[in-house]
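Here is what each chain is made of, one letter per residue.
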Amino acid sequence: MKRAFERERRVVQLNQADRFARRFGKKEAYRFEEIEVESTAFYKENNLKIDFQLAVHQLRKDQQMSQKQFAEAVNYLTENKLLTLEDLQERLSSVNEEFEALSDSMKKKSARIKELQELIREGENYQRLKPVHTELNNIKFKKQREKFETSHDAELRLFYAARRILKEKLDGKPIALKAWKQEYAQLKTEYAELSPQHKPLREEVIRLRQVQNAVDTALRRREQPQAVQRKKHEMEL
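This structure is a prediction, so every number in the text was calculated from the model and none was measured. (Residues numbered from 1 in each chain as written. Predicted model: local features only at pLDDT ≥ 70, side-chain atom pairs only at ≥ 80, totals over all residues. Heavy atoms only, no water.)

**Digging into unusual backbone geometry**
A positive phi angle is found at aspartate 171, which is not glycine, with a value near 50 degrees. Mapped onto the fold, aspartate 171 is located in the loop between α7 (153-170) and α8 (177-236). (Helix = DSSP H or I, 4+ residues; strand = E, 2+ residues; numbered from the N terminus.)

As C-alpha coordinates, this is what we get:
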(Lines give C-alpha, C1' and ligand atoms only; values in the text may rest on other atoms or scores of the structure.)
Protein backbone atom coordinates (compact mmCIF):
# COMPACT_ATOMS: atom_id res chain seq x y z
CA MET A 1 0.00 0.00 0.00
CA LYS A 2 2.80 2.36 0.97
CA ARG A 3 4.72 1.65 -2.26
CA ALA A 4 1.59 2.29 -4.31
CA PHE A 5 1.14 5.61 -2.56
CA GLU A 6 4.77 6.56 -3.24
CA ARG A 7 4.39 5.68 -6.95
CA GLU A 8 1.23 7.80 -7.15
CA ARG A 9 2.97 10.68 -5.37
CA ARG A 10 5.94 10.43 -7.77
CA VAL A 11 3.57 10.63 -10.75
CA VAL A 12 2.00 13.75 -9.28
CA GLN A 13 5.44 15.31 -8.77
CA LEU A 14 6.50 14.48 -12.34
CA ASN A 15 3.28 16.00 -13.70
CA GLN A 16 3.90 19.13 -11.65
CA ALA A 17 7.51 19.33 -12.90
CA ASP A 18 6.31 18.93 -16.49
CA ARG A 19 3.75 21.73 -16.10
CA PHE A 20 6.42 23.92 -14.49
CA ALA A 21 8.83 23.31 -17.39
CA ARG A 22 6.16 24.16 -19.97
CA ARG A 23 5.24 27.36 -18.16
CA PHE A 24 8.66 28.72 -17.14
CA GLY A 25 10.97 27.01 -19.65
CA LYS A 26 13.44 24.14 -19.30
CA LYS A 27 16.30 26.29 -18.01
CA GLU A 28 14.18 27.80 -15.26
CA ALA A 29 12.72 24.40 -14.43
CA TYR A 30 16.20 22.89 -14.16
CA ARG A 31 17.34 25.52 -11.63
CA PHE A 32 14.16 25.07 -9.65
CA GLU A 33 14.59 21.27 -9.72
CA GLU A 34 18.05 21.62 -8.14
CA ILE A 35 16.57 23.51 -5.20
CA GLU A 36 13.69 21.05 -5.00
CA VAL A 37 15.98 18.02 -4.87
CA GLU A 38 18.01 19.55 -2.04
CA SER A 39 14.89 20.49 -0.09
CA THR A 40 13.37 17.03 -0.64
CA ALA A 41 16.47 15.37 0.76
CA PHE A 42 16.37 17.72 3.72
CA TYR A 43 12.77 16.89 4.55
CA LYS A 44 13.26 13.15 4.13
CA GLU A 45 16.39 13.20 6.27
CA ASN A 46 14.61 14.98 9.10
CA ASN A 47 11.33 13.10 8.71
CA LEU A 48 9.42 16.33 8.17
CA LYS A 49 5.63 16.29 8.12
CA ILE A 50 5.38 19.57 6.20
CA ASP A 51 4.82 19.03 2.50
CA PHE A 52 6.75 22.10 1.42
CA GLN A 53 7.11 21.04 -2.21
CA LEU A 54 3.38 21.38 -2.81
CA ALA A 55 3.43 24.64 -0.92
CA VAL A 56 6.18 26.19 -3.01
CA HIS A 57 4.53 25.08 -6.25
CA GLN A 58 1.41 26.95 -5.17
CA LEU A 59 3.43 30.03 -4.27
CA ARG A 60 5.28 29.91 -7.57
CA LYS A 61 1.97 29.59 -9.37
CA ASP A 62 0.66 32.63 -7.54
CA GLN A 63 4.01 34.39 -8.09
CA GLN A 64 4.39 34.95 -4.36
CA MET A 65 7.79 33.22 -3.87
CA SER A 66 10.91 33.25 -6.04
CA GLN A 67 13.53 30.52 -6.11
CA LYS A 68 15.75 32.63 -3.88
CA GLN A 69 12.94 33.13 -1.37
CA PHE A 70 12.24 29.39 -1.44
CA ALA A 71 15.89 28.58 -0.72
CA GLU A 72 15.93 31.13 2.10
CA ALA A 73 12.78 29.61 3.57
CA VAL A 74 14.32 26.13 3.55
CA ASN A 75 17.50 27.47 5.18
CA TYR A 76 15.41 29.21 7.80
CA LEU A 77 13.53 26.01 8.65
CA THR A 78 16.83 24.13 8.85
CA GLU A 79 18.56 26.65 11.10
CA ASN A 80 15.60 26.84 13.49
CA LYS A 81 14.94 23.07 13.45
CA LEU A 82 11.32 23.47 12.43
CA LEU A 83 10.65 19.84 11.60
CA THR A 84 6.86 19.65 11.85
CA LEU A 85 3.83 21.82 11.29
CA GLU A 86 3.48 22.02 15.08
CA ASP A 87 7.06 23.33 15.34
CA LEU A 88 6.28 25.99 12.76
CA GLN A 89 3.10 27.10 14.55
CA GLU A 90 4.84 27.21 17.94
CA ARG A 91 7.69 29.24 16.50
CA LEU A 92 5.29 31.68 14.86
CA SER A 93 3.33 32.05 18.10
CA SER A 94 6.50 32.63 20.11
CA VAL A 95 8.08 35.12 17.71
CA ASN A 96 4.80 36.96 17.18
CA GLU A 97 4.30 37.26 20.94
CA GLU A 98 7.83 38.62 21.33
CA PHE A 99 7.29 41.05 18.45
CA GLU A 100 4.00 42.34 19.86
CA ALA A 101 5.53 42.78 23.34
CA LEU A 102 8.45 44.70 21.85
CA SER A 103 6.15 46.85 19.69
CA ASP A 104 3.90 47.60 22.67
CA SER A 105 6.89 48.58 24.82
CA MET A 106 8.28 50.84 22.09
CA LYS A 107 4.88 52.49 21.53
CA LYS A 108 4.51 53.25 25.24
CA LYS A 109 8.03 54.66 25.46
CA SER A 110 7.49 56.73 22.31
CA ALA A 111 4.21 58.13 23.69
CA ARG A 112 5.84 59.03 27.01
CA ILE A 113 8.79 60.63 25.22
CA LYS A 114 6.42 62.88 23.27
CA GLU A 115 4.55 63.73 26.46
CA LEU A 116 7.79 64.63 28.23
CA GLN A 117 8.89 66.75 25.29
CA GLU A 118 5.72 68.79 25.65
CA LEU A 119 6.04 69.06 29.43
CA ILE A 120 9.67 70.16 29.20
CA ARG A 121 8.91 72.70 26.48
CA GLU A 122 5.94 74.21 28.28
CA GLY A 123 7.68 74.04 31.66
CA GLU A 124 10.63 75.98 30.30
CA ASN A 125 8.32 78.53 28.66
CA TYR A 126 6.41 78.94 31.90
CA GLN A 127 9.51 79.53 34.02
CA ARG A 128 11.19 81.76 31.44
CA LEU A 129 8.13 83.98 30.90
CA LYS A 130 6.72 84.06 34.40
CA PRO A 131 8.73 87.23 35.28
CA VAL A 132 7.02 89.00 32.35
CA HIS A 133 3.61 88.05 33.71
CA THR A 134 4.66 89.10 37.24
CA GLU A 135 5.80 92.46 35.92
CA LEU A 136 2.42 92.91 34.20
CA ASN A 137 0.57 92.19 37.45
CA ASN A 138 2.65 94.80 39.28
CA ILE A 139 1.46 97.58 36.96
CA LYS A 140 -1.50 99.31 38.57
CA PHE A 141 -2.55 101.79 35.92
CA LYS A 142 -4.77 100.57 33.09
CA LYS A 143 -3.09 102.44 30.20
CA GLN A 144 0.36 101.32 31.32
CA ARG A 145 -0.90 97.72 31.56
CA GLU A 146 -2.38 97.90 28.06
CA LYS A 147 0.84 99.34 26.68
CA PHE A 148 2.88 96.61 28.39
CA GLU A 149 0.54 93.88 27.11
CA THR A 150 0.82 95.21 23.57
CA SER A 151 4.60 95.31 23.63
CA HIS A 152 4.88 91.84 25.21
CA ASP A 153 1.95 90.20 23.42
CA ALA A 154 3.88 87.19 22.00
CA GLU A 155 5.59 86.43 25.29
CA LEU A 156 2.36 86.62 27.27
CA ARG A 157 0.55 84.37 24.80
CA LEU A 158 3.24 81.72 25.22
CA PHE A 159 3.04 82.06 29.01
CA TYR A 160 -0.75 81.70 29.13
CA ALA A 161 -0.61 78.67 26.79
CA ALA A 162 2.09 77.04 28.92
CA ARG A 163 0.16 77.70 32.11
CA ARG A 164 -3.02 76.21 30.67
CA ILE A 165 -1.31 73.08 29.31
CA LEU A 166 0.62 72.45 32.52
CA LYS A 167 -2.54 72.85 34.56
CA GLU A 168 -4.28 70.22 32.41
CA LYS A 169 -1.34 67.81 32.39
CA LEU A 170 -0.12 68.08 35.97
CA ASP A 171 -3.46 68.30 37.78
CA GLY A 172 -1.99 70.32 40.63
CA LYS A 173 1.44 68.63 40.69
CA PRO A 174 4.53 70.85 40.67
CA ILE A 175 6.72 71.49 37.64
CA ALA A 176 9.65 69.05 37.74
CA LEU A 177 11.92 69.95 34.86
CA LYS A 178 14.98 68.15 36.23
CA ALA A 179 13.10 64.88 36.76
CA TRP A 180 11.40 65.15 33.36
CA LYS A 181 14.72 65.64 31.58
CA GLN A 182 16.27 62.67 33.37
CA GLU A 183 13.32 60.43 32.48
CA TYR A 184 13.38 61.70 28.91
CA ALA A 185 17.08 60.86 28.51
CA GLN A 186 16.56 57.40 30.03
CA LEU A 187 13.62 56.58 27.75
CA LYS A 188 15.51 57.78 24.67
CA THR A 189 18.36 55.42 25.55
CA GLU A 190 15.99 52.47 26.13
CA TYR A 191 14.12 53.16 22.90
CA ALA A 192 17.38 53.31 20.94
CA GLU A 193 18.38 49.91 22.38
CA LEU A 194 15.04 48.32 21.42
CA SER A 195 14.79 49.83 17.95
CA PRO A 196 17.36 47.53 16.21
CA GLN A 197 15.43 44.47 17.45
CA HIS A 198 12.16 45.57 15.86
CA LYS A 199 12.92 45.14 12.15
CA PRO A 200 14.47 41.61 12.37
CA LEU A 201 11.55 40.36 14.49
CA ARG A 202 9.03 41.89 12.09
CA GLU A 203 10.77 40.27 9.11
CA GLU A 204 10.83 36.91 10.89
CA VAL A 205 7.10 37.11 11.63
CA ILE A 206 6.43 37.89 7.96
CA ARG A 207 8.64 34.99 6.83
CA LEU A 208 6.98 32.56 9.22
CA ARG A 209 3.50 33.63 8.13
CA GLN A 210 4.46 33.25 4.49
CA VAL A 211 5.72 29.71 5.10
CA GLN A 212 2.67 28.83 7.20
CA ASN A 213 0.31 30.16 4.53
CA ALA A 214 2.15 28.12 1.92
CA VAL A 215 1.87 24.97 4.01
CA ASP A 216 -1.81 25.58 4.76
CA THR A 217 -2.50 26.06 1.06
CA ALA A 218 -0.62 22.88 0.19
CA LEU A 219 -2.44 20.85 2.81
CA ARG A 220 -5.84 22.10 1.67
CA ARG A 221 -5.02 21.28 -1.95
CA ARG A 222 -3.78 17.84 -0.96
CA GLU A 223 -6.88 17.11 1.08
CA GLN A 224 -9.32 18.12 -1.66
CA PRO A 225 -8.54 15.22 -4.06
CA GLN A 226 -8.49 12.80 -1.12
CA ALA A 227 -11.93 14.01 -0.03
CA VAL A 228 -13.26 13.60 -3.58
CA GLN A 229 -11.77 10.12 -3.76
CA ARG A 230 -13.33 9.14 -0.44
CA LYS A 231 -16.71 10.46 -1.56
CA LYS A 232 -16.43 8.54 -4.85
CA HIS A 233 -15.50 5.39 -2.99
CA GLU A 234 -18.49 5.79 -0.63
CA MET A 235 -20.84 6.25 -3.57
CA GLU A 236 -19.50 3.10 -5.19
CA LEU A 237 -20.22 1.18 -2.01
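Alright, that's what it looks like, and here's the rest.
**Quick notes on the pattern of salt bridges**
The tally for this structure, following the rule as stated, stands at 10 salt bridges. Two residues, arginine 121 and glutamate 122, come together in a salt bridge whose shortest N-O distance is 3.4 Å. Residue arginine 121 is classed as partly exposed on the basis of its relative accessible area, which comes to 43%. For glutamate 122, a relative accessible area of 8% translates into the label buried. Ionic pairing is found between arginine 157 and aspartate 153, a salt bridge with its closest N-O pair at 2.9 Å. With arginine 157 and aspartate 153 both in helix α7, this residue pair falls four residues apart, about one helical turn. Accessibility expressed as a relative area gives 35% for aspartate 153, which makes it partly exposed. What you see here is one network of salt bridges that share partners, running through Arg112, Glu115 and Glu183. (Salt bridge = Lys/Arg side-chain N within 4 Å of Asp/Glu carboxyl O. Buried < 20%, exposed > 50% of the residue type's maximum accessible area, 1.4 Å probe, protein only.)

**Points about the confidence of the model for the protein chain**
Here the protein chain averages 76 in pLDDT, while 62% of its residues score no lower than 70. Averaged pLDDT values for the elements of the protein chain fall to 42 in helix α1 (residues 2-24) and rise to 96 in α7. Taken together, the stretch residues 1-50 has pLDDT below 50 and engages in 49 contacts with residues farther than four places along the chain or on a different chain. (pLDDT = per-residue confidence, 0-100. Contact = heavy atoms within 4.5 Å.)

**Thoughts on the packing of aromatic side chains**
Ring pairs (aromatic) are described by centroid distance and by the angle formed between their planes. Applying the stated criterion across every chain, the model contains two aromatic pairs. Seen in terms of ring centroids, tyrosine 126 and phenylalanine 159 are 5.1 Å apart; in terms of plane orientation they differ by 20 degrees. Their pairing is stacked. Taken together, the residues tyrosine 126 in helix α5 (residues 85-137) and phenylalanine 159 in helix α7 connect sequence positions 33 residues apart. Neither tyrosine 126 nor phenylalanine 159 differs from the other in exposure class; each is buried. A ring pair is formed by phenylalanine 159 and tyrosine 160, whose centres lie 5.8 Å apart and whose planes are at 65 degrees; its orientation type is edge-to-face. The exposure class of phenylalanine 159 is buried, given its relative accessible area of 1%. Residue tyrosine 160 is classed as partly exposed on the basis of its relative accessible area of 33%. An aromatic cluster is present here, built from Tyr126, Phe159 and Tyr160 joined pairwise through their rings. (Phe/Tyr/Trp six-rings, centres within 6.5 Å; stacked < 30°, edge-to-face > 60°.)

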